[in-house]
Amino acid sequence: MSAHGTPIPMTAYASGPLTGEAHVPGDKSISHRSLILGAMAVGETKISGLLEGQDVLDTAKAMQAFGAEVTNHGGGNWSVKGVGVGGFAEPDNVIDCGNSGTGVRLIMGAMATCPITVTFTGDASLNKRPMARVTDPIALFGAQSVGRSGGRLPMTIVGAAEPTPVRYTVPMPSAQVKSAVLLAGLNVPGETVVIEKEATRDHTERMLAGFGAEISTVETEEGRVITLKGQPELKPQDITVPRDPSSAAFPVCAALLVPGSDVLIPNIGLNPTRAGLFTTLREMGADLTYENERVEGGEPMADLRAKYSPNMKGITVPPERAASMIDEYPVLSVVAANATGDTVMRGVKELRVKESDRIDAMAKGLRANGVEVEEGDDWWIVKGLGAGNVPGGATCETHLDHRIAMSFLVGGLCSQKPISVDDGGAIATSFPIFETLISGLGGKIERT
Ligand code: S3P
């Protein structure tokens, strides 16, 4: 839905070739964290390349409500004057995190060890999502919470006035939960330890170290053991947000699928905890190359070049790779539909609790467009028809999920009949320039 709640139906038509450069927006995960850690530092953090999608704007507004001074200087340049660890003021009103699970879960963690009471809410998608995964660990610090049945928003959290340190093993692969516990641990005397059995995106750990916290990660038989020393004084930073590999996924996949395409997608972060899709595509036979590989701000980066790849084959995606491409399975399933043979995706239960149940949403839309899909609780298989053989012609429900909307629109750029979505409004949460970027490359997407 658009910000004013009116659905925005869209249709994508067979088009192309896609050519030129695709400059995708800043990384969503890093943008949220820049604002939150900036708000917890003492002094002014400067951020360039911030993603100005609705999710991140909601986090910026929240940080203001907690007492930080957040300024938009234009052109993706922002600054945050922080209040220091433990310095959050009690907001006067409800904190509305819109569509953003990352926003709400990270902020809940950050406030959980401050002596304040905060009520959180979100849109219809966010208010269906499970929050017990955060309220369980923050209860160990001494925070209390009351929400709707099933641990859903709206929810009020009473932060712990005298928090005690915690040792916590994250029960599901979730960077949001890991990060919530680490952010809570900031305002606790002593050491907070978080253990994750599978590596998830490590931006919080990298940024905490950058802001001057004492944090270490050790690989053990138990998993990754992350230890954070509480009550540091976080020092303000100058942050350049890399461009988002999860947004790059859409023009990359579109170029692989649309006949004759050759697209360069510059300055993409290739942190190994995020780059699983690109490895998978190359294993399927995609003509996807990394140019100008380098390290910037401690993060591996490259310019990606994607060319039309009509001979891709279905593969079994290793389940241990899931966390590094969890947001990319919807668009991978569209590529899989245009590859030859089965693409098998296992160990992906988390897809069922994203902005929508992404296995269900993609399976229904793909089937409506002539693609066979099998599914179970934590797995699905897409039966590929080969390049250009997806019939298309149907309208897909997006359930307020930006990545479902963009995935089907990418599918419509190479299907035999156009593919429509009932509502592309949620695209603005993470990739507000998606339509102009795709049309700039030569793809036809219309509001219908
Ligand atoms: C994110 C973590 C992932 C991902 C989300 C962003 C983050 O969620 O799906 O888009 O920035 O920490 P989970 O922690 O639920 O896996």
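Our subject is the structure listed above.
Residues numbered from 1 in each chain as written. Predicted model: local features only at pLDDT ≥ 70, side-chain atom pairs only at ≥ 80, totals over all residues. Heavy atoms only, no water.

1. Quick notes on the packing of aromatic side chains
1) Next: The full count for this structure, using the stated rule, is three aromatic pairs.
2) Next: On the numbers, 6.3 Å between centres and 85° between planes, the contact of Phe250 with Phe434 is edge-to-face. Placement of Phe250 in helix α7 (residues 245–257) and of Phe434 in helix α12 (residues 434–441) is noted, with a sequence separation of 184 residues between them. Of the two residues examined, Phe250 and Phe434, each falls in the buried class. (Phe/Tyr/Trp six-rings, centres within 6.5 Å; stacked < 30°, edge-to-face > 60°. Helix = DSSP H or I, 4+ residues; strand = E, 2+ residues; numbered from the N terminus. Buried < 20%, exposed > 50% of the residue type's maximum accessible area, 1.4 Å probe, protein only.)

2. Notes on the site of the ligand
1) Next: Contacts to the ligand come from Lys28, Ser29, Arg33, Thr102, Pro173, Ser174, Ala175, Gln176, Arg201, Ile326, Asp327 and Lys354.
2) Next: A distance of 3.1 Å is found between an oxygen atom of the ligand and a backbone nitrogen or oxygen belonging to Ala175.
3) Next: Between Gln176 and the ligand, the recorded distance is 2.8 Å, taken from a backbone N or O atom to an oxygen atom.
4) Next: When the ligand sits alone it has 380 Å² of accessible area, and the protein chains cover 96% of it.
5) Next: If you map the ligand onto the pockets, it falls in the second largest pocket.
6) Next: Sorting the residues of the shell around the ligand by element identifies α1 (28–40) and α5 (175–185) as the ones contributing at least two each.
7) Next: The dominant element in the shell around the ligand, judged by the number of residues it contributes, is α1, at three residues.
8) Next: Partitioned by chemical class, the residues of the shell around the ligand number three nonpolar, four polar and five charged. (Near = heavy atom within 4 Å. Polar contact = N/O pair within 3.5 Å; in protein donor to acceptor, adjacent residues only side chain to side chain. Areas by Shrake-Rupley, 256 points an atom, 1.4 Å probe, with all protein chains shown as cover. 1 Å grid on protein atoms, 1.4 Å probe; cavity = no way out; pocket = protein on both sides within 12 Å on 5 of 7 lines; lining within 4 Å. Sits in = over half its atoms within 2 Å of the grid points. Nonpolar A, V, L, I, M, F, W, Y, C, P; charged D, E, K, R; others polar.)

3. Focus: the nonpolar core
1) Next: Ile265, Phe278, Leu281, Tyr329 and Trp380 are the most contacted members of the largest nonpolar core, which has 75 residues in total.
2) Next: Here the element with the most residues in this core is α7; it accounts for nine residues.
3) Next: Excluding residues that lie within four positions of it along the chain, Tyr329 makes contacts with Val317, Ala322, Met345, Val348, Leu351 and Trp380.
4) Next: In terms of nonpolar packing, the next biggest core, distinct from the first, is built from 66 residues, Ala60, Met63, Val177 and Phe211 among them. (Core = buried A, V, L, I, M, F, W, Y, C linked by side-chain atoms within 4.5 Å. Contact = heavy atoms within 4.5 Å.)

4. Let's talk about the sheet that holds strand β22 (residues 395–396)
1) Next: Here four strands make up an open sheet; going across it, the order is β22-β23-β1-β24 and the pairing mixed. Looking at the sheet topology across the chains shown, the edges are occupied by β22 and β24 (444–447).
2) Next: In terms of strand pairing, strand β1 (residues 10–13) meets β24 through four bridges, oriented antiparallel. Bridging across to β24, Thr11 finds its partner in Glu446. (Pairing = 2+ DSSP bridges.)

5. Quick word on the pattern of salt bridges
Oppositely charged side chains may form a pair once their charged atoms are brought near each other.
1) Next: On inspection of all chains with the given rule, the structure shows 33 salt bridges.
2) Next: Residue Arg358 pairs with Asp401 through a salt bridge whose shortest N-O separation is 2.9 Å. One end of the pair, Arg358, is in helix α10 (residues 358–368); the other, Asp401, is in the loop between β22 and α11 (402–412), and 43 residues separate them in sequence. Each member of the pair, Arg358 together with Asp401, is buried. (Salt bridge = Lys/Arg side-chain N within 4 Å of Asp/Glu carboxyl O.)

6. Re the layout of surface pockets
1) Next: Roughly 680 Å³ of internal volume is contained in the largest pocket.
2) Next: For the largest pocket, the lining is made up of 32 residues, of which Ile30, Ile239, Thr240, Val241 and Pro242 are closest to its centre.
3) Next: When residues of the lining of the largest pocket are traced back to their parent elements, those giving at least two are α6 (203–210), β14 (238–240), β16 (287–296) and β17 (299–307).
4) Next: When residues of the lining of the largest pocket are assigned to their parent elements, the largest contribution, four residues, is made by α6.
5) Next: Split into classes, the residues belonging to the lining of the largest pocket amount to 13 nonpolar, 12 polar and seven charged.
6) Next: Both domains that meet at the lining of the largest pocket, namely domain 1 (10–26 + 245–447) and domain 2 (28–163 + 182–187), each give it at least three residues.
7) Next: There is about 520 Å³ of room inside the second largest pocket.
8) Next: For the second largest pocket, the lining is made up of 33 residues, of which Pro173, Ser174, Ile326, Asp327 and Lys354 are closest to its centre.
9) Next: If you list the elements that add at least two residues to the lining of the second largest pocket, you get α1, α3 (101–111), α5 and α11.
10) Next: Residue assignment places the lining of the second largest pocket across two domains, with domain 1 (10–26 + 245–447) and domain 2 (28–163 + 182–187) each supplying three or more. (Points joined across faces, edges and corners; volume = space filled by probe spheres on them. Domains from an automatic or database assignment.)

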